[in-house]
Amino acid sequence: MIQRLIFFGLIIFSFQYASSQDIRIGLYHKFDVKTLVFKPLHGAYYLENDQGYKEKIKGNDVIYITLVGNQISIWGIEKHMGLSHRIAITPKRSNSMYSLEPAFPALKKHRYEGHLEISIHPEDKLTIINQIAFEKYVASVVEAESGTRAREEYYKSQSIISRTYALNHIDRHENENFNLCDDVHCQVYKGVQTENKAIRTAVEATKGLVITDENRQLITAAFHSNSGGFTVNSEDVWSAAMPYLRGKKDPYWADQHNSLWSDTIALADWVQFMDRIGIKLPENYYPNVLFRFNQPTRQRNMTVAGQLVPLKHVRNEFKLKSTFFSITPEKDKLIIKGRGYGHGVGLSQEGAMKMARMGKTYEEIIDFYYYNVNLMNIDSTTYLTRLLSQ
Ligand SMILES: [Zn+2]
């Protein structure tokens, strides 16, 4: 309990002035990284371990960090820098940058700013934590989520969504000593990317802004790629009905990359799937009649021989882009024609991009996709009191 209080104490301290404070991100979280290569790119760093060792790292240094048994071993280019259980690498100046590249397993190299902390994860791998200014984190997530070719008003809406999401899930990795991981489990974070100017401007212009519901609580700012023309009630995808995540007609869905799609399913695979989910098929039937399905507006289920088949099960099983599809049987296969990409709840990214191209503001975009919400600075929300009362 005391530990929990201290933890929340730290978070409240960190986020009282959220936009100018730091967030801790678990890097390469879904992998079991055992060897990591650190290289300074700009500026000098101090490396310290929990055994009192301290060393300056600069220029052409390369640091190899390896998990050996229950200790972390550090090697410079030609010298061993001790065994320990925890190391910290701190920039001498704030505009410093370094690269990290897991060597075992071999993974993609990324560049990062801020502080780095490495310890031993209970699951026999390195815990790699990047502590970085919160708003820089938001900018990186926005770029990872939506690329560099959208309009500034779109980036503003995505900045507010990513910020709201991060703060709403700030205790998600409490047990691992960081706030959020860098994977789709939380939000994809790839460190320093192109440092796109429109994204930087959008994040700065919306600094500290979050989306709240009518009780001034942070919302679950769900989003997806393309709605196919209708967004979806939250309870149709997850169990909870959120008053601000209501399905509605979306006129901005058409003529985008993910507006329309098609796929095929082998009839044999489909019949096997029916059997697996307990759908009883008549002894003699025409697939052409029994499996034909059309949904002019979004539905949750299709009916096969009088039994309900949830469309989200079909989507999961056959890895379809959305649940908004029709089925036309043709000989030994089913032709699937679909609309939209993703779960359909909340904001459509392609719709929001189109709205921005049409000259709509980020307020109009957020107001269109989330029902009855407010935009406010994080300091005005009930966020801090909610944390205190836990
Ligand atoms: Zn996570």
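Residues numbered from 1 in each chain as written. Predicted model: local features only at pLDDT ≥ 70, side-chain atom pairs only at ≥ 80, totals over all residues. Heavy atoms only, no water.

### Description of the coordination of the zinc ion
Right, on to step 1. The coordination sphere of the zinc ion contains the protein donors H173 (NE2), C181 (SG), H185 (ND1) and C186 (SG), at a distance range of 2.0 to 2.3 Å.
Right, on to step 2. For the zinc ion, the four donor atoms in the first shell make angles of 103 to 116 degrees at the metal, a pattern classed as tetrahedral. (Donors = N, O, S within 2.8 Å, 3.2 Å for Na, K, Ca; no water. Tetrahedral: all angles 85-135°; square planar, octahedral: opposite > 155°, others 65-115°.)

### Focus: the pattern of salt bridges
Right, on to step 1. Under the defined criterion, the tally for this structure stands at twelve salt bridges.
Right, on to step 2. For R300, the salt bridge identified is with D236, shortest N-O distance 3.1 Å. Here R300 is found in the loop between α6 (287–290) and β17 (301–304), whereas its partner D236 is found in the loop between β15 (223–224) and β16 (260–266), with 64 residues between them in sequence.
Right, on to step 3. Of the residues examined, D236 reaches a relative accessible area of 21% and is grouped as partly exposed.
Right, on to step 4. A network of salt bridges, in which partner residues are shared, links R24, R86 and E117. (Salt bridge = Lys/Arg side-chain N within 4 Å of Asp/Glu carboxyl O. Helix = DSSP H or I, 4+ residues; strand = E, 2+ residues; numbered from the N terminus. Buried < 20%, exposed > 50% of the residue type's maximum accessible area, 1.4 Å probe, protein only.)

### Thoughts on the nonpolar core
Right, on to step 1. In terms of nonpolar packing, the biggest core is built from 75 residues, with F38, I65, L100, I128, Y137 and Y370 touching the most fellow members.
Right, on to step 2. Y137 has contacts with I23, I25, I132, A166, L180, Q187 and Y189, leaving out every residue within four places of it along the chain.
Right, on to step 3. With 21 residues, the next largest nonpolar core counts W261, F291, F293 and V304 among its residues. (Core = buried A, V, L, I, M, F, W, Y, C linked by side-chain atoms within 4.5 Å. Contact = heavy atoms within 4.5 Å.)

### Points about the sheet that holds strand β9 (residues 97–104)
Strand pairing in a sheet is mediated by backbone hydrogen bonds. Such pairs are either parallel or antiparallel.
Right, on to step 1. Strand order in the open sheet formed by six strands is β7-β6-β5-β2-β9-β10, and the pairing between neighbours is antiparallel. Sheet topology places β7 (80–84) and β10 (110–112) at the edges, where each strand pairs with a single neighbour. Shown here is a sheet whose adjacent strand axes are inclined to one another by a mean of 25 degrees, direction ignored. (Pairing = 2+ DSSP bridges. Axes fitted to C-alpha atoms, helices over the stretch in contact; angles between N-to-C directions.)

### Some thoughts on helix α7 (residues 311–318)
Right, on to step 1. Turning to α7, its buried residues number three or more, namely L311, V314 and F318. The buried residues of α7 occupy one face: seen down the axis, they fall within an arc of 55 degrees.
Right, on to step 2. Elements that come into contact with the buried residues of α7 comprise β16, α5 (267–276), β17, β18 (307–310) and β19 (325–330).
Right, on to step 3. The positive-phi residue at the C-terminal boundary of α7 is K319, with phi of around 50 degrees. (Arc of directions from axis to C-beta.)

### Observations regarding α5
Right, on to step 1. Within α5, the full set of buried residues consists of L267, W270, F273 and M274. Buried positions in α5, seen along its axis, are confined to an arc of 120 degrees and lie on one side of it. Every exposed residue of α5 that faces more than 90 degrees away from the buried side is listed here: A268, Q272, D275 and R276.
Right, on to step 2. Downstream of α5 by one or two residues, G278 has phi in the positive range, about 80 degrees.

### Quick word on a positive patch on the surface
Right, on to step 1. Together, K56, K58, K92 and R93 make up a positively charged patch on the protein surface.
Right, on to step 2. Of note, K58 is situated in the loop between β4 (54–57) and β5 (63–68). (Patch = residues over 30% accessible without salt bridge, like charges linked within 9 Å, V, L, I, M, F, W, Y side chains within 5 Å. Areas by Shrake-Rupley, 256 points an atom, 1.4 Å probe, with all protein chains shown as cover. Lys, Arg positive; Asp, Glu negative; His and termini not counted. Charge placed at Lys NZ, Arg CZ, Asp CG, Glu CD.)

### Description of the side chain of H224
Right, on to step 1. Looking at where H224 falls in the secondary structure, it is placed in strand β15.
Right, on to step 2. Engagement of the side chain of H224 in a polar contact is seen with the backbone oxygen of V345, the distance being 3.0 Å.
Right, on to step 3. Setting aside chain neighbours within four positions, we find H224 in contact with T231, Y341, G342, H343, G344, V345, G346, L347, S348 and Q349. (Polar contact = N/O pair within 3.5 Å; in protein donor to acceptor, adjacent residues only side chain to side chain.)

### Looking at unusual backbone geometry
Right, on to step 1. Put simply, F104 and P105 share a cis peptide bond, and its omega is -5 degrees.
Right, on to step 2. Tracing the sequence through the fold places P105 in the loop between β9 and β10.
Right, on to step 3. Its identity as a non-glycine residue notwithstanding, Y28 has a phi of 45 degrees, on the positive side.
Right, on to step 4. Along the chain, Y28 falls in the loop between β1 (22–26) and β2 (35–42).
Right, on to step 5. The exposure class assigned to Y28 is buried, which follows from its relative accessible area of 7%.
Right, on to step 6. Phi at K319 takes a positive value of approximately 50 degrees, unusual for a residue other than glycine.
Right, on to step 7. Topologically, K319 is positioned in the loop between α7 and β19.

### Some remarks on the pairing of strand β6 (residues 71–75)
Right, on to step 1. With five bridges joining them, β5 and β6 adopt antiparallel strand pairing. Its bridge partner lying in β6, L67 is registered against I72.
Right, on to step 2. Here β5 folds back onto β6 in antiparallel fashion, the turn holding two residues, of which G69 has a positive phi close to 60 degrees.
Right, on to step 3. Counted between consecutive antiparallel strands, the loop separating β6 from β7 contains four residues.

### Observations concerning the sheet that holds β1
Right, on to step 1. In space, the seven strands of this open sheet follow the order β4-β3-β8-β11-β12-β1-β13, with mixed pairing throughout. Each edge of the open sheet carries a strand with a single partner, namely β4 and β13 (180–181).
Right, on to step 2. As paired elements, β1 and strand β12 (residues 125–133) share five bridges and run antiparallel to each other. Within the sheet, the bridge partner assigned to G26 lies in β12 and is I129.
Right, on to step 3. Helix α2 (residues 134–146) rests against β1, β12 and β13 of the sheet, and its axis sits at about 110 degrees to β12.

### Quick word on the domain arrangement of the chain
Right, on to step 1. Domain boundaries assigned for the chain yield domain 1 (33–122) and domain 2 (260–339).
Right, on to step 2. Spacing between the C-alpha centres of domain 1 and domain 2 amounts to 52 Å. (Domains from an automatic or database assignment.)

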